[in-house]
Amino acid sequence: MEFKSGGKYGIELSSVNSLNVFKELLKAAKNYDIIPDRIDECRGFSRIPKNEVQEIVKICREYNIGFFTAISVRSMYDIGGYSKSKNGYRASYKIRGEIGISKAYDEVRRAIDLKIRGFIIYDEGLLYFLNQKRKEKQIPKDVVFKVSVHMSISNAFSALLMEDLGADTINVVPDLSIEILKEIRKKVQIPLDTFTDTSIDGGGFLRTNEVSEIINCCSPVYLKCGAISQQHQNHLPSNDEIYERIRQTRCVLDTIERISEPVRRVNKNELTLGIPIK
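Each value, and the rule that gives it
Residues numbered from 1 in each chain as written. Predicted model: local features only at pLDDT ≥ 70, side-chain atom pairs only at ≥ 80, totals over all residues. Heavy atoms only, no water. Salt bridge = Lys/Arg side-chain N within 4 Å of Asp/Glu carboxyl O. Helix = DSSP H or I, 4+ residues; strand = E, 2+ residues; numbered from the N terminus. Buried < 20%, exposed > 50% of the residue type's maximum accessible area, 1.4 Å probe, protein only. Expected span 1.5 Å × (residues − 1). Contact = heavy atoms within 4.5 Å. Core = buried A, V, L, I, M, F, W, Y, C linked by side-chain atoms within 4.5 Å. 1 Å grid on protein atoms, 1.4 Å probe; cavity = no way out; pocket = protein on both sides within 12 Å on 5 of 7 lines; lining within 4 Å. Points joined across faces, edges and corners; volume = space filled by probe spheres on them. Pairing = 2+ DSSP bridges. Axes fitted to C-alpha atoms, helices over the stretch in contact; angles between N-to-C directions. Arc of directions from axis to C-beta. Nonpolar A, V, L, I, M, F, W, Y, C, P; charged D, E, K, R; others polar. Phe/Tyr/Trp six-rings, centres within 6.5 Å; stacked < 30°, edge-to-face > 60°. Lys NZ or Arg CZ within 6 Å of the ring centre and 35° of its normal. Left-handed = near helix turned anticlockwise from the far one by under 90°.

As for the pattern of salt bridges
Thinking step 1. A full pass over the atoms with the stated rule returns 18 salt bridges.
Thinking step 2. Of the charged contacts, one joins Glu-12 and Arg-38 as a salt bridge, the two residues approaching to 2.8 Å between their closest N and O atoms. You can see Glu-12 sitting in strand S1 (residues 9-13) and its partner Arg-38 sitting in strand S2 (residues 38-41), a full 26 residues away along the chain.
Thinking step 3. The salt bridge involving Asp-78 is made with Arg-96; its shortest N-O contact spans 3.0 Å. Here Asp-78 is found in the loop between strand S3 (66-70) and helix H3 (97-113), whereas its partner Arg-96 is found in the loop between S3 and H3, with 18 residues between them in sequence.
Thinking step 4. Accessibility expressed as a relative area gives 43% for Arg-96, which makes it partly exposed.
Thinking step 5. Ionic contacts of the salt-bridge type, sharing partners, join the residues Glu-12, Arg-38, Lys-146 and Asp-193 into one network.

Take a look at the structure:
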């Protein structure tokens, strides 16, 4: 399978959590002849000042880079105590109550007004709600919903459920075997987002040597690269971490270029890139 616009894979970089991080990332990427296809902001839209959002949007349009912002309405930022407990941490990305869904919708509307088209979703109830709003034309049809890795999609039926709820791309659990990835691809039609490596906190594993197999069994797929360069995720990476992330991304691209049959990269007209509009 390919993306609807053509191509089999795209390059995605996560934890681009501020304007300064984005600028440093882009500067380092140019030195390695890399322009990412998508970037992810993971701490939450409400943690980025409006002027920074506008500058990020401007740069993304200039370079045809998709931009996905995370929903900042989540239990970990709420006043409740359960998500902060040892047993409750699994629920820390979920939204509490209809008031939480309402606040998340308001955040999405504000981001849309600033020309953003990509959103990282952590809660299946919010995904259903936002997709209904999109069907009702309260949200533009070109808005893209990306299911976060923190929703722990690790089997084909969970992936199919997310697709039915309105997901446009799914970030699967990072450590799935090639066989499980094949099972998921057989069930769903939408693009998958797959880590080629993870931060130390995320297991610190490296799958660069499996990239050709991942593309073959998962395409259309966004390859999330370079996180192994850092200890943590969802923080503000140092310049050294940014530089190492780009170096590892270059290693992924070098591996792809060694594949005997050329593999086309995603076309820049692809809707699921989530490129901000003018």
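Side note on helix H8 (residues 239-257)
Thinking step 1. With 19 residues, H8 extends 27 Å from end C-alpha to end C-alpha; this agrees with the ideal 27 Å at 1.5 Å per step.
Thinking step 2. Within the sequence span of H8, burial applies to Glu-241, Ile-242, Arg-245, Ile-246, Gln-248, Thr-249, Arg-250, Val-252, Leu-253, Thr-255 and Ile-256.
Thinking step 3. Looking at the buried side of H8, the elements it contacts are S1, helix H1 (19-31), helix H7 (211-218) and strand S8 (221-224).

Quick word on the nonpolar core
Thinking step 1. With 72 residues, the main nonpolar core has Tyr-9, Phe-119, Met-162, Ile-170 and Leu-223 as its most contacted residues.
Thinking step 2. Here the element with the most residues in this core is H1; it accounts for seven residues.
Thinking step 3. With residues near it in sequence (within four places) discarded, Leu-223 still touches Tyr-9, Gly-10, Ile-11, Glu-12, Thr-194, Thr-196, Val-211, Ile-214, Ile-215, Val-252 and Ile-256.
Thinking step 4. Membership of the second largest hydrophobic core comes to seven residues, among which are Phe-68, Ile-120, Tyr-122 and Val-144.

Some words on empty space enclosed by the protein
Thinking step 1. Counting across every chain of the model gives one cavity of 30 Å³ or more.
Thinking step 2. Considered as a void within the structure, the largest cavity measures approximately 170 Å³ in volume.
Thinking step 3. Together, 18 residues line the largest cavity, and Ser-14, Cys-42, Val-149, Lys-224 and Asn-234 are the ones closest to its centre.

Observations concerning the sheet that holds S1
Thinking step 1. Pairing is parallel around the closed barrel formed by eight strands, whose spatial order is S1-S2-S3-S4-S5-S6-S7-S8. Going across the sheet, the axis of each strand differs from the next one's by a mean of 30°, ignoring polarity.
Thinking step 2. Both S3 and strand S4 (residues 118-121) contribute to a ladder of three bridges, which runs parallel. Paired with Thr-69 across the strands is Phe-119, a residue of S4.

With respect to helix H6 (residues 178-187)
Thinking step 1. What H6 keeps buried is the set Ile-178, Leu-181, Ile-184 and Arg-185. The arc that holds the buried residues of H6, viewed along the axis, is 120°, so those residues lie on one side.
Thinking step 2. Against the buried residues of H6 lie helix H5 (156-165), strand S7 (192-195) and H7.

Considering the layout of surface pockets
Thinking step 1. Looking at the largest pocket, its volume works out to about 390 Å³.
Thinking step 2. Empty space within the second largest pocket amounts to approximately 250 Å³.
Thinking step 3. Residue lining of the second largest pocket: 14 residues in total, with Lys-4, Asp-168, Ile-190, Pro-191 and Thr-272 positioned closest to the centre.
Thinking step 4. Considered class by class, the residues forming the lining of the second largest pocket number six nonpolar, two polar and six charged.

Observations concerning the pairing of S3
Note on strand geometry: in a regular strand, side chains alternate between the two faces of the sheet.
Thinking step 1. Extensive coverage of S3 is indicated by the burial of five of its five residues.
Thinking step 2. In S3, alternate side chains face the same way, and those of Gly-66, Phe-68 and Ala-70 on one face and Phe-67 and Thr-69 on the other are all buried.
Thinking step 3. In the sheet, S2 pairs with S3 via four bridges, with the strands oriented parallel. For Ile-39, the partnering residue across the bridge sits in S3 and is Phe-67.

Remarks on the packing of aromatic side chains
Thinking step 1. Evaluated as defined, the whole model comprises four aromatic pairs.
Thinking step 2. Against the face of Phe-68 rests Arg-38, its NZ or CZ located 4.5 Å from the ring centre.

Details of unusual backbone geometry
Thinking step 1. A cis amide bond links Ser-219 to the next residue, Pro-220, at an omega of 0°.
Thinking step 2. Take Pro-220: it is sitting in the loop between H7 and S8.
Thinking step 3. The backbone phi angle of Asp-33 is positive, close to 55°, even though this residue is not glycine.
Thinking step 4. Its place among the elements puts Asp-33 in the loop between H1 and S2.

Quick word on the packing of H5 against H6
Thinking step 1. As a packed pair, H5 and H6 sit with axes 8 Å apart at the nearest point and diverge in direction by 35°. The chirality of how H5 crosses H6 is right-handed. Taken together, the residues of H6 that come into contact with H5 (itself represented by Ala-156, Phe-157, Ala-159, Leu-160 and Glu-163) are Glu-183, Ile-184 and Lys-187.
Thinking step 2. Partitioned by chemical class, the residues of the contact of H5 with H6 number five nonpolar, no polar and three charged.

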